[in-house]
Amino acid sequence: MERALAEHIAHARYEALDASVIESTKSFILDTLGVSLAGLCMPGIQPLLAYVLQQGGRGESTILGHRARGTAEQAALINGALAHVLDYDETHVAANVHANAAVFPAALAVAEQQGQVSGREFLVAIALGVDLTCRLGIACRQGMSEGWWPTSLFGAFGAAAATARLLGLDVDRIRQTLGIAYAQATGNRQAMLDGGDAKYLQCGLAARSAVTAGHFARMGFTGATHFLSGPFGLSALYAGGALREAALFEGLGRRFLGAELTCKLYPCCSAAQAPLHAALELMRDHPIDARSLAEIRVQAPREVAEQLGRPDQEGSTRIQLQVNLPYLVAAAVVRGRLSLQDLEEDALHGSPEVLWLAKRVTVEAASTSSLRGAELPVTVEFIARDGTRWQRTVDAPAGAPSYMGRREQILDKFRSCLGHGGDETLRARSGLIIERLFHLESLDSMDRLTEAFRTRSEE
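These lines cover the structure that appears in this document, whether it is placed above or below.

1. Focus on the sheet that holds strand 4 (residues 361-365)
Note: strands within a sheet are paired through backbone hydrogen bonds, in either parallel or antiparallel orientation.
Line of reasoning, step 1. One open sheet accounts for four strands, arranged 4-3-5-6; its pairing is mixed. With one partner strand each, in any of the chains shown, strand 4 and strand 6 (389-394) form the two edges of the open sheet. Put simply, the sheet's adjacent strands are angled 15° from each other on average, direction ignored.
Line of reasoning, step 2. Relative to strand 6, strand 5 (residues 378-384) is paired through six bridges, and the arrangement is antiparallel. Each residue of the ladder has a partner; that of Glu-381, found in strand 6, is Gln-391.
Line of reasoning, step 3. In this fold helix 13 (residues 273-285) packs onto strand 3 (293-300), strand 5 and strand 6, with an angle of close to 135° to the strand it touches most, strand 6.
Line of reasoning, step 4. Where helix 16 (residues 325-335) meets the sheet, its contacts fall on strand 3, strand 4 and strand 5, and the angle it forms with strand 3 comes to roughly 125°.

Written out as structure tokens, the structure reads:
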């Protein structure tokens, strides 16, 4: 099993990527870059940046949005945290992962470190890493404890695959890279429940571990060779022995799961996207005054209701409220939107009307099914004090892969993110960044892309 994965990573070619995979890979590189730059202003990023700057190091890889450069490991750490600090990055619903959060930062850092990596090589590396992250998420999901956090756990393997590919490692050393990544693979949800910054730090740790694993393997260091199937491998320890090999290998090399990512339209948990979309559609289509509502009922699959149906809001941190469906729905209804500004610290508890309405939002499990991973369908019902009812059911969020306007959504979101967190130089260069990224396969060096998102202070 492990060798087959390593052979796939070593031998995959750009020509194996169909148009939808190439388009999606480019789009979500842009999406990840945008949400990362928007996250620069978050307070939790500053201690990480201060730590890296204190360490010094070779200026070989970009720290996004900052004049300083660091080692590949340092850049991967910071940029991985940035990719998820806002919880606004894409998601693969069936795999339950943010697929680019570790893969893109690791790949970008290594590509710059190596130099003269072509756009095609970079696209292949990202496509391979995202695909492996998603495949592991799907293959292991039914057997995993809810306490593990799949994004950083499986993202470490995806990032390691991208790293090994960009380092040009052979099959045996790719396998060792994945085995060394397994020695560092971790990720849990406790910081999410407690509202701690370590929640998004885990993406940075996964990206950094992948860079380290690739370089160790290149130098001849060895890891677990049966990191998936061994008695103490990923399946046994993390998935209760229930890793589904068929799901891991089905269509490998022909079907790349990066084409199945969903763009988030709201900066919060992926399972909240459909309820928010339903609530905002109701507000758009009907003359509803939030103050006239007596109750809002959300019916969602059991797993969504259990994880996001928390009733308490006061005193919560931004990270906790991003997985608090009553608060999120109330904020969207009162403000007619849910934007990055609505989840800034001074906005979280500054609206008594939002907190009042949140106490009147109930989240119910629509089914007793034990199937894990279901986020749809979702039904939202508004009940007015006079008894009037409005209801909307959503079967797929607007950012789903099948949505015809997804590329425009991502472009609009990218520009909005630059307006939120990028400096004026980056905002002025948004068109150049977009142009070079969507012609990535024609670039002979990734330096042509990274120079486009260099800040004024770097010049």
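2. Description of the nonpolar core
Line of reasoning, step 1. By size, the foremost hydrophobic cluster in this structure holds 120 residues, and its most contacted members are Leu-30, Phe-122, Leu-132, Phe-157 and Leu-234.
Line of reasoning, step 2. Broken down by element, the residue count for this core peaks at 14 residues, all from helix 6 (residues 119-140).
Line of reasoning, step 3. Once you skip the residues sitting within four places of it in the chain, Phe-157 turns out to touch Leu-132, Leu-136, Leu-178, Tyr-182, Ala-185, Phe-227 and Leu-234.
Line of reasoning, step 4. If you look at the next biggest cluster of nonpolar residues, it comprises 51 residues, including Ala-278, Met-283, Val-298 and Ala-384.

3. So, the pattern of salt bridges
Line of reasoning, step 1. Under the criterion given, the structure shown has 25 salt bridges.
Line of reasoning, step 2. The salt bridge partner of Arg-415 is Asp-412, with a shortest N-O separation of 3.4 Å. A residue pair is termed a helical-turn pair when its members lie 3 or 4 positions apart in one helix, as Arg-415 and Asp-412 do in helix 19 (residues 406-421) at three residues.
Line of reasoning, step 3. Its relative accessible area of 40% is what places Arg-415 among the partly exposed residues.
Line of reasoning, step 4. Asp-412 sits in the partly exposed class, given a relative accessible area of 47%.

Quick notes on the rules
- Residues numbered from 1 in each chain as written.
- Predicted model: local features only at pLDDT ≥ 70, side-chain atom pairs only at ≥ 80, totals over all residues.
- Heavy atoms only, no water.
- Pairing = 2+ DSSP bridges.
- Helix = DSSP H or I, 4+ residues; strand = E, 2+ residues; numbered from the N terminus.
- Axes fitted to C-alpha atoms, helices over the stretch in contact; angles between N-to-C directions.
- Contact = heavy atoms within 4.5 Å.
- Core = buried A, V, L, I, M, F, W, Y, C linked by side-chain atoms within 4.5 Å.
- Buried < 20%, exposed > 50% of the residue type's maximum accessible area, 1.4 Å probe, protein only.
- Salt bridge = Lys/Arg side-chain N within 4 Å of Asp/Glu carboxyl O.

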